[in-house]
Amino acid sequence: MAKAGLAAGLALAGLLTPWRAAAADAEPPVAPSDERPASAPSRAEPPPPSASAVAPPAPRWMSVPRLVGRLDAGDIGLVINTADPYSVEIGDYYALRRGLKPEQVLRVELPVKARLNAQEFYDLRRRIDVAFGEDIQAIAFAWVMPYAVECHSLPGALALGLDLSLCANGCRVSKASTYFNSPVLRPWQDLHLRPSMLIAARTVAQGKALIDRGVAADRSLGRRGQPPARAVLLETDDPLRSVRARYFPPPGWLRPFNVQVQVEKAPAIKDRDRLILHLTGRGNVPDLDSLRWLNGALADHMTSYGGLLDATSGQMSALAWIESGATASYGTVSEPCNHPQKFPHPQVLLMHYLQGATAIEAYWRSVAWPQQGVFVGEPLAAPFAR
């Protein structure tokens, strides 16, 4: 699989099975929020390991498919909310910057609120299905709100449908995505699944800057003679939010892509430059203003409510990454507990992106159970495209 998966010659090994099934996790999932919701079942924390416990295995590369091609501007359907001035301005700007045709743009009128109810969502989905044909493989929503449908994210509901029983207990296993770690180039045509992403930022100026970063990112990295880009994966002092650490790749220089993978144990990082990927786990991340991102950078923090894009207090919103200069991020909109399958798989995210996938493809392919997760950013950013 190593040769088929990567012409780069990396020795990839491992299986995806542990990521697909909750039963394969080393410990039961628990709510990583500061206060566990009443609907979440009570769980005892795992006992500390004994001195004789077997040491965890050394990190290794897992198998990922070889990718051929990526989505481009002709594959994107753009949805603009005419009731939202941010949406109108950002949508028009995105259509201009990415050269979208008029038939790729759908204008709707929606309430500007965080969560749609089921009927409002079904009406929106019907309009999307009517407006866009088989050639439209993915959707860009030009807005911040709505970002959720009941307890689902809007992108999760659009791709996988509503399961209102999930709202009674968001900690349970949710629907698996057939797009996870997939090499499929045309997800709507082949899987009848449209990944989507919100072009969301806190202000119109930040939204336009986000779009500009995405456009500038295309084919900008992986060249000889450049300083290496950095992928920093952090295991913090919060064990509940650091369960992804067991899936981190081995550290080192990925020479074919000119990327330095850095795996660290620390509460946070500060004063780093040339960041293309940063994954961490904590409710709030300090010193974001000291980080210097490359165009196309991906960043997220594993916490319960990072997908609440209108949050002004409590856990940090994914929009904080966008404000600091990242180009795409991810967060959940209802309590998911710390199932790692509900968050981006570090190796799948990194290795799909390095093979030239767009931000929307790499992020969507990295989440096995995405019903509660909202994807934000500039969908078509592809810094490692050839």
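This structure is a prediction, so every number in the text was calculated from the model and none was measured.

J.: I'd like a description of the overall build of the protein chain, backed by residues and values.
T.: Broken down by element type, the protein chain carries 10 helices and 14 strands. In the protein chain, which comprises 386 residues, the share counted as buried stands at 58%. On the protein chain, roughly 15100 Å² of surface is accessible, and the fraction owed to carbon and sulfur atoms is 54%.

J.: Please set out the environment of Arg-107 residue by residue, giving values where relevant.
T.: Take Arg-107: it is sitting in strand β2 (residues 105-108). Taking the C-alpha atoms as reference points, Arg-107 and Ile-80, separated by 27 residues in sequence, lie 4.8 Å from one another. Once residues within four sequence positions are removed from consideration, Arg-107 is found in contact with Ile-80, Thr-82, Asp-92 and Arg-127. Among the polar contacts listed, one links the side chain of Arg-107 to the side chain of Asp-92, at a separation of 2.9 Å.

J.: Before we move on, can you summarise helix α9 (residues 346-354) with the specific residues and values?
T.: With nine of nine residues buried, α9 is to be regarded as a mostly interior element. Buried residues of α9: Pro-346, Gln-347, Val-348, Leu-349, Leu-350, Met-351, His-352, Tyr-353 and Leu-354, and no others. Of the residues trailing α9, Gly-356 is marked for its positive phi of about 105 degrees.

J.: Please give an account of helix α4 (residues 118-131) that cites residues and values.
T.: For α4, which comprises 14 residues, the first-to-last C-alpha distance of 20 Å matches the rise-based estimate of 20 Å (1.5 Å per residue) to within 8%. If you check the start of α4, you find a side-chain oxygen 3.1 Å away from the backbone N of Gln-119, and it comes from Asn-117.

J.: Account for unusual backbone geometry, with residues named and values stated.
T.: The step from Met-145 to Pro-146 runs through a cis peptide bond, and the omega angle for that step is 5 degrees. Summarising the element assignment, Pro-146 is placed in the loop between β4 (138-141) and β5 (148-149). A positive phi is found at Glu-150, a non-glycine position, where the angle reads about 55 degrees. Take Glu-150: it is sitting in the loop between β5 and β6 (152-153). On the basis of relative accessible area, Glu-150 is assigned to the partly exposed category, the value being 33%. Although it is not a glycine, Asp-271 adopts a positive phi angle of roughly 55 degrees. Mapped onto the elements of the fold, Asp-271 is located in the loop between β10 (259-265) and β11 (275-280). On the basis of relative accessible area, Asp-271 is assigned to the partly exposed category, the value being 47%.

J.: Mind laying out the state of the cysteines, listing which residues take part and the relevant values?
T.: Summed over all chains, the structure comprises two disulfides. Across the disulfide from Cys-151 sits Cys-167; the S-S distance is 2.2 Å. The chirality of the disulfide connecting Cys-151 with Cys-167 is left-handed, given an S-S dihedral of about -85 degrees. With Cys-151 in the loop between β5 and β6 and Cys-167 in the loop between α5 (154-160) and α6 (187-191), the pair connects residues that are 16 residues apart, well separated along the chain. Judged by relative accessible area, which is 34%, Cys-167 ranks as partly exposed.

J.: Run through the sheet that holds β5, naming residues and quoting values.
T.: Taken in spatial order, the three strands make up an open sheet running β3-β5-β6, and their pairing is mixed. Each having just a single partner strand, β3 (115-116) and β6 make up the two edges of the open sheet. As defined by bridge partners, β5 adjoins β6 across two bridges and the pair is classed as antiparallel. Pairing of Ala-148 across the sheet is with Ser-153, part of β6.

J.: Go over the side chain of Glu-335, please, and point to the residues and values.
T.: Following the sequence through the fold, Glu-335 ends up in the loop between β13 (328-332) and α9. From its side chain, Glu-335 meets the backbone nitrogen of Cys-337 in a polar contact 2.8 Å long.

J.: Tell me about the pattern of salt bridges, and name the residues and values.
T.: On inspection of all chains with the given rule, the structure shows 15 salt bridges. Between Asp-212 and Arg-97 there is a salt bridge, and its shortest N-O distance comes to 3.1 Å. In this pair, Asp-212 is assigned in helix α7 (residues 204-217) and Arg-97 in helix α3 (residues 85-98), connecting sequence segments 115 residues apart. On the basis of relative accessibility, which here comes to 34%, the residue Arg-97 falls in the partly exposed class. The shortest N-O distance in the salt bridge between Asp-163 and Arg-172 comes to 2.5 Å.

J.: Would you mind going over the packing of α3 against α7 in detail, with residue names and values included?
T.: Axis separation between α3 and α7 bottoms out at 10 Å; the angle between their running directions is 20 degrees. The orientation of α3 with respect to α7, classified from their angle, is roughly parallel. The two elements α3 and α7 meet at a crossing, and its hand is right-handed. Residue-level inspection shows Tyr-86, Glu-89, Ile-90, Tyr-93, Tyr-94, Arg-97 and Arg-98 of α3 in contact with α7, the latter providing Val-204, Gly-207, Lys-208, Ile-211, Asp-212, Gly-214 and Val-215. Looking at side-chain class alone, the contact of α3 with α7 contains seven nonpolar, two polar and five charged residues.

J.: Lay out the packing of aromatic side chains in plain terms, naming residues and giving numbers.
T.: The tally for this structure, following the rule as stated, stands at nine aromatic pairs. Grouped by ring-pair contacts, the aromatic residues Tyr-330, Phe-343, Tyr-363, Trp-364 and Phe-375 constitute a single cluster. The lysine or arginine in question, Lys-208, covers the ring of Tyr-93, its NZ or CZ lying 5.3 Å from the ring centre.

Analysis parameters
Residues numbered from 1 in each chain as written. Predicted model: local features only at pLDDT ≥ 70, side-chain atom pairs only at ≥ 80, totals over all residues. Heavy atoms only, no water. Helix = DSSP H or I, 4+ residues; strand = E, 2+ residues; numbered from the N terminus. Buried < 20%, exposed > 50% of the residue type's maximum accessible area, 1.4 Å probe, protein only. Areas by Shrake-Rupley, 256 points an atom, 1.4 Å probe, with all protein chains shown as cover. Contact = heavy atoms within 4.5 Å. Polar contact = N/O pair within 3.5 Å; in protein donor to acceptor, adjacent residues only side chain to side chain. Expected span 1.5 Å × (residues − 1). Disulfide = S-S within 2.5 Å. Pairing = 2+ DSSP bridges. Salt bridge = Lys/Arg side-chain N within 4 Å of Asp/Glu carboxyl O. Axes fitted to C-alpha atoms, helices over the stretch in contact; angles between N-to-C directions. Parallel < 35°, antiparallel > 145°, perpendicular 65-115°, else oblique. Left-handed = near helix turned anticlockwise from the far one by under 90°. Nonpolar A, V, L, I, M, F, W, Y, C, P; charged D, E, K, R; others polar. Phe/Tyr/Trp six-rings, centres within 6.5 Å; stacked < 30°, edge-to-face > 60°. Lys NZ or Arg CZ within 6 Å of the ring centre and 35° of its normal.

Read these as spatial facts, not as claims about activity.
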